[in-house]
Amino acid sequence: MSATNEFKITQIVDNGQVVQLTLIENVSTEPISQKQMIIENVSKKLDQETKEQVMPLLEAIMSAQPTVNIKSYQQTQITIAMPKARYDGMGRPQVGNTIEVNLKKI
């Protein structure tokens with residue numbers, strides 16, 4: 001299995017000899033409301049006639065509930081420690097820069 005992913009640098013720790021980079025997957029996520037997820041899932045399970053009867057009631061119930069936003073994707077985080085010379089050879093990427101990491105089983 002092989003996957004090449006872009007990671008965004010979120011933290012750099014440089015002790016002079018070793019550089020440690022903390023990376024998080026460079027993907028855009030949108031929070032999704034728990035209410036919306038419930039309404040969509042119930043809607044998928046019902047036929048059209050039942051939807052017309054149930055959905056207004058469900059939407060009224062859900063409007064009285066607090067909105068809870070959840071992340072729709074759990075991002076991967078990686079921490080890499082490397083010699084400073086190797087970090088310098090990469091062009092000294094900074095926090096906020098994106099780098100490519102090739103992950104594969106060998």
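My aim in this report is to walk through the structure given alongside it, one point at a time. None of the values given here were measured: they were computed from a predicted structure.

With that settled, consider the overall build of the protein. Looking only at helices and strands, the protein features three helices and six strands. In the protein, the succession of α and β elements from N to C terminus is β-β-β-α-α-β-β-α-β. Summarising the internal contacts of the protein: among those between residues at least 6 apart in sequence, 72% fall at separations of at least 24. As presented, the protein carries roughly 7,900 Å² of accessible surface, and 50% of it is formed by carbon and sulfur atoms.

Within the secondary structure, alanine 81 sits in strand S5 (residues 77-83). Judged by its relative accessible area of 57%, alanine 81 is exposed. Here the alpha-carbon distance between alanine 81 and aspartate 14, two residues 67 residues apart in the chain, equals 9.6 Å.

Before going further, it helps to spend a moment on the nonpolar core. One finds Phe7, Ile9, Val19, Leu21, Leu23, Ile78, Met82, Tyr87, Ile99 and Val101 forming the largest nonpolar core, which totals ten residues. Taken together, the elements giving at least two residues each to this core come down to strand S1 (2-14), strand S2 (18-25), S5 and strand S6 (98-104). Take this core: its biggest share by element is three residues, from S2.

Now for the pattern of salt bridges. If you walk through the whole model with that rule in mind, you get two salt bridges. In this structure, arginine 92 and aspartate 88 form a salt bridge, with 3.0 Å as the shortest nitrogen-oxygen distance. With a relative accessible area of 39%, arginine 92 lands in the partly exposed category.

To continue, consider the environment of isoleucine 24. Among the secondary structure elements, isoleucine 24 is positioned in strand S2. The spacing of isoleucine 24 and threonine 76 is 52 residues in sequence and 5.9 Å in space, taken between C-alpha atoms.

Interaxial distance between helix H1 (residues 34-45) and helix H2 (residues 48-63) falls to 11 Å at its minimum, and their mutual angle equals 165°. Classified by the interaxial angle, the pair formed by H1 and H2 is roughly antiparallel. Crossing geometry of H1 relative to H2 is assigned as right-handed. Facing Lys35, Ile38, Ile39, Val42 and Ser43 of H1, the residues of H2 in contact are Lys51, Met55, Leu58, Glu59, Met62 and Ser63.

Here we take up H2. Between its first and last C-alpha, H2 extends 22 Å over 16 residues, near the 22 Å set by a 1.5 Å rise per residue. At valine 54, H2 is bent by approximately 35°, the largest bend along its length, and proline proline 56 sits one to four residues beyond. Regarding H2, the residues found buried are Met55, Leu58 and Met62. Residues of H2 that are buried make contact with H1. Where H2 begins, the capping side chain belongs to aspartate 47, and its oxygen is found 3.1 Å from the backbone nitrogen of glutamate 49.

Each value, and the rule that gives it
Residues numbered from 1 in each chain as written. Predicted model: local features only at pLDDT ≥ 70, side-chain atom pairs only at ≥ 80, totals over all residues. Heavy atoms only, no water. Helix = DSSP H or I, 4+ residues; strand = E, 2+ residues; numbered from the N terminus. Contact = heavy atoms within 4.5 Å. Areas by Shrake-Rupley, 256 points an atom, 1.4 Å probe, with all protein chains shown as cover. Buried < 20%, exposed > 50% of the residue type's maximum accessible area, 1.4 Å probe, protein only. Core = buried A, V, L, I, M, F, W, Y, C linked by side-chain atoms within 4.5 Å. Salt bridge = Lys/Arg side-chain N within 4 Å of Asp/Glu carboxyl O. Axes fitted to C-alpha atoms, helices over the stretch in contact; angles between N-to-C directions. Parallel < 35°, antiparallel > 145°, perpendicular 65-115°, else oblique. Left-handed = near helix turned anticlockwise from the far one by under 90°. Expected span 1.5 Å × (residues − 1). Bend = angle between axes of the 7 residues up to and from the residue. Polar contact = N/O pair within 3.5 Å; in protein donor to acceptor, adjacent residues only side chain to side chain.

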